[in-house]
Amino acid sequence: LVSLNAFKFIKSELTDTYDSTGLPLLTALYNLTPSPSKALSFETSAFSQNDSRVGSRLSVGWKHRNIFRAAEQLEIKLTGGFEVQYGGGLKLPNLYQAGLETNLSVPRLLFGSLFNVSTTSAFVPRSYVKLGYNYYLRETAYQLNTFNFSLGYQWKEAINKDHKLYPVNITFVRTDTFKGATNFYIDNIIFNGIIIGPTYQFTYNSQIAGRKDLNFFFDGLADLSGNILGLAQKTDLSKEPEKIFGNPYAQYVKMQTDFRVYKTFGKENMWANRIFLGAGYAYGNSYKMPNVKQFFAGGASSLRGFRSRFLGPGSFHTSKSDTKFLELLGDIKLEANTEFRTPLYSTWLKGAVFADAGNIWLLREDATMPGGVFTKNFMKDIAVSAGLGLRFDFSILVLRLDFGMPIRKPWMDPGEKWVIRDIDFSSKAWRQENIVFNLAIGYPF
């Protein structure tokens, strides 16, 4: 009843009674106070990136908690925002975004008989129907229109096991570039066409079941597009891309896993570790993965000593090229993170020491990014960063400040990749080039 989100208050009354034979019974009476059926919400936020970008986002939402009188929830949200850069060496074009999202949540499995799923009555399984549109404008570079429709299910097998299955996922992307109006290379982030296929995600979190000294977290995702269509139309990279509804479609297989281990020492000290493995393989109708499905490295929850989306792929670095990029993406991602957290003052201020290692790679050669392909010598391309951080834990909100710096730069010449000996905190030029400040909400993992 609580998870239906349809009631403001739920009170239970238990009464001892007897049946006609004199056997004792326990009668439960639930007093339900409905929540207002309609609600209007307004959200605003401001943010700062580690490469001198700032921005703001606004959203206005309307929700009906009982649209078809069986606790179905319909939510409509209008969003907008911008992102501008006030400094830094490489000035990126401003970004503006607007979108409209509709989400229908049904507290049961629609067409559930078609799927043999294991659920428990302790949790309400849900079906989701989602429809949305988003518009992005990157000044002087491109404008992007995306339409998406999805039908899926979310259910709990147990309190610590979650399943998300979306058998229907359709995304249409239309990108228009401003030719000759920008000096940035954008071919690596341009996709036009349809992404159509299912996704399945499984999450296991032992922390939910109760406090333990050793906890595990696992999240696995399988993402497919165009596989059945490609098989039916006999797609091949040597031929022109096949189309559906007059537009080419992406054909790929993508898998990723996120595994974490949390070890507590005493009441507050914690050693947190994460390994992330991900790979996407485009074939048949696609020479490369759609950019929205590729991986990136660097930033507040990745390798914190490197700028977000500007690490890799492989041993490539923008300093090796005259080409300017808006972002750098890859088909493969390997990453490992470790962090020790300890209280500094009371229970709300904590400190952290961390280290991160990993990178992204391409599966196929790209002449604009030499050294970006994944090979058997991929370990030579591993980037390493380390740093210190503060966590302001206010229970309902965790504000995180991390200061990271590179320890190993994979684009440097052999013998010079480890840059520990170059650390010079007294040098302003070194600090500006190497110290990366990350401000974020929540723990990185």
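Above this text is the structure in question.
These figures come from a predicted structure and were not determined experimentally. (Residues numbered from 1 in each chain as written. Predicted model: local features only at pLDDT ≥ 70, side-chain atom pairs only at ≥ 80, totals over all residues. Heavy atoms only, no water.)

**Student:** I'd like a description of a nonpolar patch on the surface, backed by residues and values.
**Tutor:** Residues Leu-344, Tyr-345, Trp-348, Leu-390, Phe-394, Ile-396, Leu-397 and Ile-441 make up a contiguous nonpolar surface patch of roughly 850 Å² in combined accessible area. Looking at the secondary structure, you find Tyr-345 in strand S19 (residues 332–345). (Patch = residues over 30% accessible without salt bridge, like charges linked within 9 Å, V, L, I, M, F, W, Y side chains within 5 Å. Areas by Shrake-Rupley, 256 points an atom, 1.4 Å probe, with all protein chains shown as cover. Salt bridge = Lys/Arg side-chain N within 4 Å of Asp/Glu carboxyl O. Helix = DSSP H or I, 4+ residues; strand = E, 2+ residues; numbered from the N terminus.)

**Student:** I'd like a description of the side chain of Asp-219, backed by residues and values.
**Tutor:** Mapped onto the elements of the fold, Asp-219 is located in strand S13 (residues 214–225). Although Asp-219 lies buried, it forms no salt bridge, and the closest oppositely charged side chain, Lys-164, sits 6.8 Å away as judged by the N-O distance. A polar contact is formed between the side chain of Asp-219 and the side chain of Thr-203, at a distance of 2.6 Å. (Buried < 20%, exposed > 50% of the residue type's maximum accessible area, 1.4 Å probe, protein only. Lys, Arg positive; Asp, Glu negative; His and termini not counted. Polar contact = N/O pair within 3.5 Å; in protein donor to acceptor, adjacent residues only side chain to side chain.)

**Student:** Requested: an account of the nonpolar core, with residues and values cited.
**Tutor:** Within soluble globular proteins, side chains that are nonpolar generally end up buried alongside one another. Tyr-142, Ile-186, Ile-189, Tyr-252, Leu-326, Leu-328 and Met-369 are the most contacted members of the largest nonpolar core, which has 22 residues in total. Setting aside residues up to four positions removed in sequence, Leu-326 forms contacts with Leu-92, Pro-93, Arg-138, Ala-141, Tyr-142, Phe-184, Tyr-185, Ile-186, Ile-189 and Phe-310. Phe-306, Leu-311, Ala-383 and Trp-411 belong to the second largest nonpolar core, which has nine residues in total. (Core = buried A, V, L, I, M, F, W, Y, C linked by side-chain atoms within 4.5 Å. Contact = heavy atoms within 4.5 Å.)

**Student:** Could you give me a rundown of the packing of aromatic side chains, with the residues and numbers involved?
**Tutor:** Taken as a whole and judged by the stated rule, the model has 18 aromatic pairs. Judged by centre distance (6.1 Å) and plane angle (75 degrees), the ring pair of Phe-276 and Phe-295 falls under edge-to-face. With a gap of 19 residues between them, Phe-276 in strand S17 (residues 269–282) and Phe-295 in the loop between S17 and strand S18 (324–325) connect regions that are remote in the sequence. Taking 5.1 Å as the distance between ring centres and 40 degrees as the angle between the ring planes, the aromatic pair formed by Phe-403 and Phe-437 counts as tilted. Here Phe-403 is found in strand S22 (residues 398–408), whereas its partner Phe-437 is found in strand S23 (residues 436–441), with 34 residues between them in sequence. Its relative accessible area of 42% is what places Phe-403 among the partly exposed residues. One aromatic cluster in this structure is built from Tyr-345, Trp-348, Phe-392 and Phe-394. (Phe/Tyr/Trp six-rings, centres within 6.5 Å; stacked < 30°, edge-to-face > 60°.)

**Student:** Run through the pattern of salt bridges, naming residues and quoting values.
**Tutor:** If you walk through the whole model with that rule in mind, you get 17 salt bridges. Here Asp-162 ties to Lys-156 by a salt bridge, and the two come within 3.2 Å at their closest N and O atoms. We classify Asp-162 as partly exposed; its relative accessible area is 23%. Taking the shortest distance from any N to any O, the salt bridge between Glu-339 and Arg-304 comes out at 2.7 Å. Here Glu-339 is found in strand S19, whereas its partner Arg-304 is found in the loop between S17 and S18, with 35 residues between them in sequence. Accessibility assignment for this pair places Glu-339 and Arg-304 in one class, buried. One salt-bridge network, held together by shared partners, links Arg-304, Glu-339, Arg-341, Asp-356, Arg-391, Arg-400 and Asp-402.

**Student:** Residues and numbers for the pairing of S13, please.
**Tutor:** As a general feature of sheets, a regular strand has side chains that alternate between the two faces. Where strand S12 (residues 199–205) lies against S13, seven bridges are found, and the strand directions are antiparallel. By the bridge assignment, Phe-202 is partnered in S13 with Gly-220. Examined bridge by bridge, S13 and strand S16 (residues 252–265) share twelve bridges and lie antiparallel to one another. Across the sheet, the residue bridging to Leu-221 is Gln-256, located in S16. (Pairing = 2+ DSSP bridges.)

**Student:** Can you lay out the environment of Ala-141 for me, pointing to particular residues and giving the numbers?
**Tutor:** For Ala-141, the position within the fold is in the loop between strand S7 (126–138) and strand S8 (142–158). Sequence spacing of Ala-141 and Asn-183 is 42 residues, and the spatial spacing of their C-alpha atoms is 8.4 Å. Sequence-distant contacts of Ala-141, defined by excluding residues within four places in its chain, comprise Thr-177, Phe-178, Thr-182, Ile-186 and Leu-326.

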